[in-house]
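So the chains spell out like this:
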Amino acid sequence: RKEVEQDPGPFNVPEGATVAFNCTYSNSASQSFFWYRQDCRKEPKLLMSVYSSGNEDGRFTAQLNRASQYISLLIRDSKLSDSATYLCVVLNYNQGGKLIFGQGTELSVKP
Amino acid sequence: GAGVSQSPRYKVAKRGQDVALRCDPISGHVSLFWYQQALGQGPEFLTYFQNEAQLDKSGLPSDRFFAERPEGSVSTLKIQRTQQEDSAVYLCASSLAGLGYNEQFFGPGTRLTVL
């Protein structure tokens, strides 16, 4: 079983839709959590960190439930430019700075 | 400013050949990471340097993989006697400091195809 697991994709949604991605992690010692975005044939880029209290950045809302070891990302009013693969990422400082990635969920927003 | 750069961007190797992949981190970044990303998967950790010291190489798949960062700046990932299963994108990332979390900035990757 992978340490970080995500919903299988792809998600195909129309413009303006709300879409939610879920992720679970198995290492309870994980300390930091992130969502990265990766465009086709490009490098991953940090989308947002995820905090226990939940956090929002424009149309994007991230939630963390440490008890359930569950992370989510909600995208409201989706745009064509949101089409990408979204990677759930965890970090355990006791393992150095290495990031543990989920397999990614592909999102395709259609006109 | 300049980001992380990697070369070559694409590499085709015949099975059994040795390859060397280069990473130029952001100037002043202490930490450097290598990840391997197979098609349809997320990146997987290979190894980590803090300056010139290789602090974690637990992700290297076999002793055919070797990484170095002799002067604490540029890093090279070498794969000896390449196999088809080595085909992947090799990503390099750098960050400011080793303690705590600092954002890792990724290079564009080297896409390795082993025939």
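Residues numbered from 1 in each chain as written. Chains lettered and ligands numbered in written order. Predicted model: local features only at pLDDT ≥ 70, side-chain atom pairs only at ≥ 80, totals over all residues. Heavy atoms only, no water.

S.K.: What am I meant to see in the interface of chain B and chain A here?
M.R.: Reports of interface size often rely on the accessible area that becomes lost once the parts have come together. Taken together, the contact between chain B and chain A spans 21 residues of the former and 18 residues of the latter. Joining chain B to chain A, the criterion identifies 2 salt bridges. Put simply, A:K2 and B:E44 hold a salt bridge, and the shortest N to O gap is 3.1 Å. Of all elements in the fold, only β4 (31-37) and β5 (44-50) of chain B reach the threshold of two or more residues within the side of chain B that touches chain A. Class assignment of the residues belonging to the side of chain B that touches chain A gives a composition of 9 nonpolar, 8 polar and 4 charged. (Contact = heavy atoms within 4.5 Å. Salt bridge = Lys/Arg side-chain N within 4 Å of Asp/Glu carboxyl O. Helix = DSSP H or I, 4+ residues; strand = E, 2+ residues; numbered from the N terminus. Nonpolar A, V, L, I, M, F, W, Y, C, P; charged D, E, K, R; others polar.)

S.K.: I'm lost on the state of the cysteines in this one. Help?
M.R.: Formally, a disulfide is one covalent bond, and it connects the sulfur atom of one cysteine to the sulfur atom of another. Residue and element names in this part refer to chain A. If you walk through the whole model with that rule in mind, you get 2 disulfides over all chains. One disulfide bridge connects C23 with C88, the sulfur atoms lying 2.0 Å from each other. Where C23 bonds to C88 through sulfur, the torsion about that S-S bond is close to -75 degrees, and the disulfide is left-handed. Of the two residues, C23 is situated in strand β3 (residues 19-25) and C88 in strand β9 (residues 84-91); the sequence distance between them amounts to 65 residues. Just as C23 is buried, C88 falls in that class too. (Disulfide = S-S within 2.5 Å. Buried < 20%, exposed > 50% of the residue type's maximum accessible area, 1.4 Å probe, protein only.)

S.K.: Is there a simple way to explain the environment of A:Q6 in this structure?
M.R.: All names here are of chain A. Assignment of secondary structure puts Q6 in strand β1 (residues 4-6). According to the relative accessible area criterion, Q6 is buried, its value standing at 10%. Sequence spacing of Q6 and S30 is 24 residues, and the spatial spacing of their C-alpha atoms is 16 Å. Beyond its immediate stretch of four places on either side in the chain, Q6 contacts N22, C23, W35, Y86, L87, C88, G102, Q103, G104 and T105. A distance of 2.9 Å separates the side chain of Q6 from the backbone oxygen of Y86, its partner in a polar contact. (Polar contact = N/O pair within 3.5 Å; in protein donor to acceptor, adjacent residues only side chain to side chain.)

S.K.: It is not clear to me how the pattern of salt bridges should be interpreted in this structure. Could you clarify?
M.R.: Pairing is possible between side chains of opposite charge, provided their charged atoms come close. Under the criterion given, the structure shown has 9 salt bridges over all chains. Residue B:D56 pairs with A:K98 through a salt bridge whose shortest N-O separation is 3.9 Å. Of this pair, B:D56 sits in strand β6 (residues 53-56) while A:K98 sits in the loop between β10 (94-97) and β11 (99-101), on two different chains. By relative accessible area, A:K98 is classed as buried at 14%. Measuring nitrogen to oxygen at the nearest pair gives 2.8 Å for the salt bridge that ties B:D86 to B:R64. A residue pair is termed long-range when its members are at least 10 positions apart, and B:D86 in the loop between β8 (75-79) and β9 (88-95) and B:R64 in the loop between β6 and β7 (65-68) qualify at 22 residues. Overall, B:D86 belongs to the buried group, its relative accessible area being 3%.

S.K.: Would you take a moment to explain the layout of surface pockets for this structure?
M.R.: With a probe scaled to a water molecule rolled over the atoms, the places where space remains empty come into view. Within this model, the largest pocket holds a volume of roughly 720 Å³. Taken together, 31 residues form the lining of the largest pocket, with A:Q38, A:R41, B:Q37, B:L39 and B:G40 sitting closest to its centre. Contributing elements (two or more residues each) for the lining of the largest pocket: β9 and β12 (105-110) of chain A together with β9 and β11 (110-114) of chain B. At 4 residues, β11(B) tops the list of elements feeding residues into the lining of the largest pocket. Partitioned by chemical class, the residues of the lining of the largest pocket number 12 nonpolar, 13 polar and 6 charged. (1 Å grid on protein atoms, 1.4 Å probe; cavity = no way out; pocket = protein on both sides within 12 Å on 5 of 7 lines; lining within 4 Å. Points joined across faces, edges and corners; volume = space filled by probe spheres on them.)

S.K.: Explanation requested: the sheet that holds β3(A) in the structure shown.
M.R.: Backbone hydrogen bonds are what pair the strands of a sheet, in a parallel or an antiparallel way. Residues and elements named next belong to chain A. Taken together, the 5 strands give an open sheet; going across it, the order is β1-β3-β8-β7-β6, and neighbouring strands pair in antiparallel fashion. Sheet topology places β1 and β6 (55-57) at the edges, where each strand pairs with a single neighbour. In this sheet, adjacent strand axes meet at a mean angle of 20 degrees when their direction is disregarded. Where β6 lies against strand β7 (residues 60-65), 3 bridges are found, and the strand directions are antiparallel. (Pairing = 2+ DSSP bridges. Axes fitted to C-alpha atoms, helices over the stretch in contact; angles between N-to-C directions.)

S.K.: Just to check I follow, could you spell out the packing of aromatic side chains for this structure?
M.R.: How two aromatic rings sit relative to each other is given by the distance of their centres and the angle of their planes. Counting across every chain of the model gives 13 aromatic pairs over all chains. Summarising the aromatic geometry, the rings of A:Y25 and A:F33 are spaced 4.9 Å apart at their centres and angled 45 degrees between planes, so their arrangement reads as tilted. Residue A:Y25 is classed as buried on the basis of its relative accessible area, which comes to 3%. Three or more aromatic residues link up through ring pairs in this structure, and these residues are A:Y36, A:F101, B:F33, B:Y35, B:F45, B:Y48 and B:F106. (Phe/Tyr/Trp six-rings, centres within 6.5 Å; stacked < 30°, edge-to-face > 60°.)

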